[in-house]
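Tertiary structure, described
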Amino acid sequence: MSLQRLPPLNAVRAFEAAARLGSYVAASQALHVTQPAIGRHVKNLEGWLGVRLLERSPRGVSLTQQGAHYYQAAAEALQILADAGARLARRDDERWLRILCVPAFASRWLTPRIEELRSLRPGVKIAIEPNARFTSVDARQADLGIAYGLPGELSGVHQVLIRPQVFPVCSPGLLARLPAGLDAANLPACPLIHVDDGTWWNSWFAANGLRVRVHSDTSHVSNDVVLNLAQRGQGIALATEVLVGRELQDGSLVRCVPQAAPLESYQLLTPGQPPSADAQWFMGWLESHLKAAFPDASNAT
């Protein structure tokens, strides 16, 4: 593509943020611009491409099929630019630990522990890059990755960390409006929130012995978006204790049926080169903390 055919960068950044975060409001806060500005940028990009990228609803925004393809390319391109800038700005004597991570795990489990990590490993600087779609780690991009997937889906697997139980959650307000005595067999008739085309929910139903098929009218970029919608009472989402332990404790989310089943596992990915001393230390810290916090999930691997 010639330079004359490159899309406007600000519009791409606005689209990527809105798609990743699931709403124009969240994107405007992340990029420190107004919500209407995000909308104008996205409309400008759609006009430049000649396709519709996002669908808006009271629940937020979701990707169209064409938007999902463009999002992946846009996210990768912006990350390449960010990494190049970071390498130029980084001094040789600085120790950086770059972690690629699925978004929900990054925001709900890892990020709240950053200060603990820094106190335990003085001098190391930590960069966490949320990415919902990566399946391998390039050394130019990150020192290691924390992914969520099935055996054989991911490349460069250093270690399977834990395989937690997956269960449906919703807000207390929504649960009060649902029929009493709800169980897994009743869920297909309820408002389900999807992270994909329905595959994850169908896998969960199958793991619980139910031959049902559900389909998604709206899919979201990551579990983080889906769980935020569930907290706002928009429907029922699949979750793990790793992601919603705090919300289950404070009551902002509740388990709505008794059934649960382990599906994918959290896996630690590394690039082809030997890990640095800081990366080795972090991998040991991560393994010990997860297995101590979720011993049942460790036994399910």
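Residues numbered from 1 in each chain as written. Predicted model: local features only at pLDDT ≥ 70, side-chain atom pairs only at ≥ 80, totals over all residues. Heavy atoms only, no water.

Next up on the list: unusual backbone geometry. Only a minority of non-glycine residues have a phi that is not negative, and only a minority of peptide bonds are not trans. Of note in this structure, histidine 32 is not a glycine but carries a positive phi near 60°. Relative to the assigned elements, histidine 32 resides in the loop between helix 2 (24-31) and helix 3 (35-49). Classification of histidine 32 by relative accessible area gives exposed; the value is 71%. (Helix = DSSP H or I, 4+ residues; strand = E, 2+ residues; numbered from the N terminus. Buried < 20%, exposed > 50% of the residue type's maximum accessible area, 1.4 Å probe, protein only.)

With that settled, consider the packing of helix 5 (residues 103-110) against helix 11 (residues 277-293). For the pair helix 5 and helix 11, interaxial distance at closest approach is 14 Å and the crossing angle is 75°. As summarised for this structure, helix 5 and helix 11 are arranged roughly perpendicular, according to the angle between their axes. Every residue of helix 11 that contacts helix 5 at Phe105, Trp109 and Leu110 is listed here: Phe282, Trp285, Leu286, His289 and Leu290. Tallied by class, residues from the contact of helix 5 with helix 11 come to seven nonpolar, one polar and no charged. (Axes fitted to C-alpha atoms, helices over the stretch in contact; angles between N-to-C directions. Parallel < 35°, antiparallel > 145°, perpendicular 65-115°, else oblique. Contact = heavy atoms within 4.5 Å. Nonpolar A, V, L, I, M, F, W, Y, C, P; charged D, E, K, R; others polar.)

Sheet strands pair by backbone hydrogen bonding; their relative direction is either parallel or antiparallel. Spatially, 4-3-5-11-6 is the arrangement adopted by the five strands of the open sheet, whose pairing is mixed. Single-partner strands in this sheet number two, and they are strand 4 (124-130) and strand 6 (157-162). Direction aside, neighbouring strands of the sheet carry axes that sit 20° apart on average. By the bridge criterion, three bridges tie strand 3 (residues 95-101) to strand 5 (residues 144-149) in an arrangement that is parallel. Bridging across to strand 5, cysteine 101 finds its partner in isoleucine 146. (Pairing = 2+ DSSP bridges.)

Segmentation of the protein chain into domains returns domain 1 (9-89), domain 2 (92-155 + 266-292) and domain 3 (165-262). Placing a centre on the C-alpha atoms of domain 1 and another on those of domain 2 gives a separation of 25 Å. Facing six residues of domain 1, the contacting portion of domain 2 comprises four residues. Summed over both partners, the interface of domain 1 with domain 2 buries about 540 Å², with 44% contributed by carbon and sulfur atoms. (Domains from an automatic or database assignment. Buried area = accessible area lost by both parts, 1.4 Å probe.)

Summing up the model confidence of the protein chain, the mean pLDDT is 90 and the portion of residues at 70 or higher is 95%. Mean pLDDT per element in the protein chain: helix 12 (residues 295-299) is the minimum at 79, and strand 7 (residues 165-170) is the maximum at 98. (pLDDT = per-residue confidence, 0-100.)

Annotation from UniProt places "domain: HTH lysR-type" (unreviewed entry) at residues 7-64. Structurally, residues 7-64 is divided into 62% helix and 14% strand, and its ends, taken at the C-alpha atoms, are 19 Å apart. (UniProt positions renumbered as here; feature names shortened; annotations may be inferred.)

Before going further, it helps to examine helix 10 (residues 241-250). Of the positions making up helix 10, those classed as buried are Val242, Leu243, Val244 and Glu247. At the exit of helix 10 stands glycine 251, carrying a positive phi of roughly 85°.

Moving on, we come to the pairing of strand 7. Of all six residues in strand 7, five are buried, a share of seventy percent or more. Here strand 7 runs beside strand 10 (residues 261-262); their pairing, made up of two bridges, is antiparallel. Each bridged residue has a counterpart across the sheet, and for glutamine 165 the counterpart in strand 10 is proline 262. Relative to strand 8 (residues 237-240), strand 7 runs antiparallel, the two sharing four bridges. Paired with valine 169 across the two strands is alanine 237, which belongs to strand 8. Sheet topology places strand 7 next to strand 9 (residues 254-255); two bridges connect them, and they run antiparallel. Within the sheet, the bridge partner assigned to valine 169 lies in strand 9 and is arginine 255.

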